[in-house]
Amino acid sequence: MSDVKELIDGMNEDLAAEYQAVIMYRTYASLVTGPYRREIRSFFESEIPDELGHAAFLADKIVALGGTPVTQSGPVPIPRTNREMLEVALQAEVDTIERYTKRIEQAEALGELSVKLQLENLVVDESSHRDDLRRMLMDWRE
Ligand SMILES: [Fe+2]
Ligand SMILES: [Fe+2]
């Protein structure tokens, strides 16, 4: 049986991961090299506003539920190649979808239907990030 405190703690974990995603995409956009630099850089940069929007939703909702939003990001690994950057980003998106799926169940159990619906919208965004990354890696030759 989940309670509000548990939901807030979980959403704070999600918030730290969204800040981590912002720093990850911003850093990787700067680190990317080679002939596809411009394209991959634009792709990474295009993710940032989505992740920031997710962080804003989570921080606002944590406060509305009576909690305090975290201000620490999770750690961001520094890969050596473009391919590794895409792989790290893909894994982060997959993990995020898994966390939100659990969070949706917690919100539903508490009767927090608007939180549940918003989290479902986040899953739609993260799934599209995941699918883009998967498709980029699928045709990677090196
Ligand atoms: Fe996100
Ligand atoms: Fe994402």
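Residues numbered from 1 in each chain as written. Chains lettered and ligands numbered in written order. Predicted model: local features only at pLDDT ≥ 70, side-chain atom pairs only at ≥ 80, totals over all residues. Heavy atoms only, no water.

1. Quick word on the coordination of the iron ion (ligand 2)
- For the iron ion (ligand 2), the full set of protein donor atoms is Glu51 (OE), Glu93 (OE), Glu93 (OE), Glu126 (OE) and His129 (ND1), at a range of 2.0 to 2.3 Å.
- Each donor residue of the iron ion (ligand 2) lies on the same chain, and together they follow the pattern E-x41-E-x32-E-x2-H. (Donors = N, O, S within 2.8 Å, 3.2 Å for Na, K, Ca; no water.)

2. Considering the environment of Val76
- As for its position among the elements, Val76 is in the loop between helix H2 (37-64) and helix H3 (82-109).
- Linking Val76 and Arg130, residues 54 residues apart in sequence, is a C-alpha distance of 18 Å.
- Not counting the four nearest positions on each side in its chain, Val76 is found in contact with Gln20, Ile23, Met24 and Tyr28. (Helix = DSSP H or I, 4+ residues; strand = E, 2+ residues; numbered from the N terminus. Contact = heavy atoms within 4.5 Å.)

3. Section: the coordination of the iron ion (ligand 1)
- At the metal site, the iron ion (ligand 1) is ligated by Glu18 (OE), Glu18 (OE), Glu51 (OE), His54 (ND1) and Glu126 (OE), and these contacts range over 2.0 to 2.3 Å.
- In the primary sequence, the donor residues of the iron ion (ligand 1) line up as E-x32-E-x2-H-x71-E.
- Taken as a pair, the iron ion (ligand 1) and the iron ion (ligand 2) show a spacing of 3.9 Å, with Glu51 coordinating each metal. Within this pair, whereas His54 is found in helix H2, its partner Glu126 is found in helix H4 (residues 113-138), the two being separated by 72 residues in sequence.
- Classification of His54 as buried rests on a relative accessible area of 3%. (Buried < 20%, exposed > 50% of the residue type's maximum accessible area, 1.4 Å probe, protein only.)

4. Focus on the packing of aromatic side chains
- Under the definition given, this model contains three aromatic pairs.
- Here Tyr25 and Phe44 contribute two aromatic rings whose centre-to-centre distance is 5.8 Å and whose plane-to-plane angle is 40°, an arrangement assigned as tilted. Taken together, the positions of Tyr25 in helix H1 (residues 4-31) and Phe44 in helix H2 put the pair 19 residues apart, joining distant regions of the chain.
- You can call Tyr25 buried: its relative accessible area is 0%.
- Judged by its relative accessible area of 0%, Phe44 falls in the buried class. (Phe/Tyr/Trp six-rings, centres within 6.5 Å; stacked < 30°, edge-to-face > 60°.)

5. Quick notes on the pattern of salt bridges
- All chains considered together, the criterion is met by nine salt bridges.
- In this structure, Lys5 engages Asp9 in a salt bridge whose closest nitrogen and oxygen atoms are separated by 2.7 Å. Within this pair, Lys5 and its partner Asp9 are both found in helix H1, separated by four residues, close to a single helical turn.
- Asp9 gets classed as partly exposed once you look at its relative accessible area, which sits at 41%.
- For Glu120, the salt bridge identified is with Lys116, shortest N-O distance 3.3 Å. Here Glu120 pairs with Lys116, and both are found in helix H4, just four residues apart, close to one helical turn.
- Residue classification places Glu120 among the partly exposed positions, given a relative accessible area of 29%.
- A residue is classified by how much of its surface remains accessible, and Lys116, at 18% relative accessible area, is buried. (Salt bridge = Lys/Arg side-chain N within 4 Å of Asp/Glu carboxyl O.)

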